[in-house]
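# Reading the structure
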Amino acid sequence: MKILVINCGSSSLKYQLIDMENESVVAKGICERIGIEGSKLTHKPAGKDTLVVEKPMKDHNDAVAMVMDALQDETSGVISDINEIKAVGHRVLHGGKFFSDSIIINDEVKEVIKACFELGPLHNPANLIGIEACEKIMPNTPQVAVFDTAFHQTMPEKAYMYAIPYEYYEKYNIRKYGFHGTSHSYVSKRTIEVAGLDKDNSKVIVCHLGNGGSVSAVVNGKCVDTSMGLTPLEGLIMGTRSGDLDPAVVQYIAHKENLSLEEVIEILNKKSGVLGISGISSDFRDLIAKKQEGDERATLALDAFEYRVAKYIGSYITAMNGVDAIVFTAGVGENNGVVREKVLDYFGYLGIKLDKEKNLNYREEGIVSTADSSVKVCVIPTNEEIAIARETKALVEKY
Ligand code: ADP
């Protein structure tokens with residue numbers, strides 16, 4: 001069974017065609033600059049040369065059509081007929097309070113995705129266009145929505161409630177939702193297996209540290225708290241996002257710089273985080289290189305980032321009244337042993353012991369703590385596409 005996984009961003013579309021017999025990636029690619037001058041599709045079929053097509057794509061409909069052409073291309077194609085695709089799994093950013101699981105898409109589901117436009121204004125409209133474009137091209141192929149928010153729907157009220165007038169929760173559904181759910185779900189499940197924990201008696205903290213970052217607390221496989229909020233802006237210091245701050249800062253900046261609320265939020269989303277502090281880059285590799293040259297602000301940005309991650313881990317140990325495993329994933333978490341070590345240095349008092357030598361350059365799936373560490377520390381490379389494909393397969397088989 002071949003499953004196509006689609007992830008539509010505001011101006012991009014990433015895809016992977018996965019053969020579920022052995023979960024191998026048959027082809028993957030990206031459409032960039034959709035709706036902007038210079039649109040381009042890069043298609044990478046397994047075992048064949050990469051195909052690059054530079055052609056205007058006015059919207060995601062054009063992008064989906066180009067992906068289908070590339071998949072069936074005479075030289076770079078990997079299928080001879082579109083019907084070889086048995087289902088499409090769509091990553092959808094925001095499912096609000098409505099979805100705690102992935103779901104086969106029908107008109108009702110599309111209405112709810114639409115109802116969540118205000119909560120995910122950059123992504124949900126693009127997600128819906130991607131879904132409808134696939135429906136047009138493959139009207140008989142089941143489409144599945146896998147929500148970034150779904151895994152976090154098990155949070156208790158006390159964790160997701162903001163301390164603002166309750167009527168705003170009732171009228172506008174303002175609460176914490178959390179994101180990166182597919183990753184937190186996949187990684188926490190793998191951690192239970194890799195660390196040999198009892199799945200019905202386990203406390204896991206997942207640190208998803210990429211360009212965007214979030215931490216989650218998972219008890220017996222269920223999320224009980226997470227660092228992102230109503231939107232992905234809350235929580236950790238990220239590549240370009242500020243994460244937590246005093247909300248009064250928004251008014252203060254607006255006032256001083258004569259900016260609208262929207263403009264300030266844009267700054268907090270796109271010009272803040274480690275980019276904002278360092279003034280150099282949002283890319284952690286650049287900052288690490290600058291730190292090695294002795295750059296003070298790059299060092300400060302990294303110190304502040306690691307400190308924030310440690311504070312979240314500390315608070316989630318409290319939330320769960322203990323922890324069995326702490327796991328690192330995504331670009332920074334999977335690849336950078338120094339960052340992992342600096343975060344865990346805050347927990348020496350708890351008896352968490354890293355195998356420092358093993359950890360330093362460790363990039364695979366496995367355990368990087370010592371045998372006598374009080375808590376297992378793991379590295380689990382995330383794989384959101386496989387997780388989406390598995391969810392899609394399971395739903396389609398039940399259907
Ligand atoms: P996203 O999916 O959120 O865009 P990723 O999970 O791909 O992000 O992570 C991207 C980040 O990971 C970038 O900031 C990049 O610098 C960082 N990264 C990748 N490799 C390393 C490394 N070896 N050391 C530190 N950071 C790294």
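Notes on the structure in this doc start here. (Residues numbered from 1 in each chain as written. Predicted model: local features only at pLDDT ≥ 70, side-chain atom pairs only at ≥ 80, totals over all residues. Heavy atoms only, no water.)

Turning to the side chain of Q143, a few remarks are in order. Along the chain, Q143 turns up in strand 8 (residues 143-147). Among the residues examined, Q143 registers a relative accessible area of 3% and is labelled buried. Among the polar contacts listed, one links the side chain of Q143 to the side chain of H90, at a separation of 2.7 Å. There is a polar contact of 3.3 Å between the side chain of Q143 and the backbone oxygen of T141. Apart from the residues within four sequence positions on either side, Q143 is in contact with V88, H90, I103, I104, I105, I131, C134, E135 and M138. (Helix = DSSP H or I, 4+ residues; strand = E, 2+ residues; numbered from the N terminus. Buried < 20%, exposed > 50% of the residue type's maximum accessible area, 1.4 Å probe, protein only. Polar contact = N/O pair within 3.5 Å; in protein donor to acceptor, adjacent residues only side chain to side chain. Contact = heavy atoms within 4.5 Å.)

One face of the sheet, then the other: side chains in a regular strand alternate in exactly this way. For strand 10 (residues 213-219), a buried count of 6 out of 7 residues is recorded, marking the element as mostly surrounded by other parts of the structure. Where strand 9 (residues 203-209) lies against strand 10, 7 bridges are found, and the strand directions are antiparallel. The partner of I205 across the bridge, within strand 10, is A217. Between strand 9 and strand 10, which follow one another and run antiparallel, lie 3 residues. Where strand 10 and strand 11 (residues 222-226) come together, 4 bridges link them in antiparallel fashion. Counterpart to A217 in the pairing with strand 11 is D225. As consecutive antiparallel partners, strand 10 and strand 11 are separated by 2 residues, and within that stretch N220 has a phi angle of approximately 50 degrees, a positive value. (Pairing = 2+ DSSP bridges.)

Surveying the vicinity of the ligand reveals 14 residues, the closest of which are N211, D283, F284, G331 and N336. The separation between an oxygen atom of the ligand and a polar main-chain atom of G212 is 3.2 Å. One of the side-chain nitrogen or oxygen atoms of R363 is found 3.4 Å away from a nitrogen atom of the ligand. In isolation the ligand has 590 Å² of accessible area, and contact with the protein removes 70% of it. (Near = heavy atom within 4 Å. Areas by Shrake-Rupley, 256 points an atom, 1.4 Å probe, with all protein chains shown as cover.)

What follows is about the state of the cysteines. The final tally for this structure, using the stated rule, is 0 disulfides. C207 forms no disulfide, and the closest cysteine sulfur to it belongs to C378, at a distance of 11 Å. By relative accessible area, C378 is classed as buried at 0%. (Disulfide = S-S within 2.5 Å.)

Per the counting criterion, the structure on display carries 7 aromatic pairs. With a centroid separation of 5.4 Å and an interplanar angle of 65 degrees, the aromatic rings of Y166 and Y169 are classed as edge-to-face. Placement of both Y166 and Y169 in helix 5 (residues 166-172) is noted, with a separation of 3 residues, approximately one turn of the helix. By relative accessible area, Y169 is classed as buried at 17%. On the basis of an interplanar angle of 55 degrees and a centroid distance of 4.7 Å, the ring pair of F284 and F305 is categorised as tilted. Taken together, the residues span a long stretch of sequence, with F284 in helix 10 (residues 284-292) and F305 in helix 11 (residues 296-320) at a distance of 21 residues. Just as F284 is buried, F305 falls in that class too. Among the aromatic residues, those joined into a ring-pair cluster are Y160, Y166 and Y169. A cation over an aromatic ring shows up here: R175 above the ring of Y160, its NZ or CZ 3.6 Å from the ring centre. (Phe/Tyr/Trp six-rings, centres within 6.5 Å; stacked < 30°, edge-to-face > 60°. Lys NZ or Arg CZ within 6 Å of the ring centre and 35° of its normal.)

Fair warning: the whole summary comes from geometry, so function is off the table for now.
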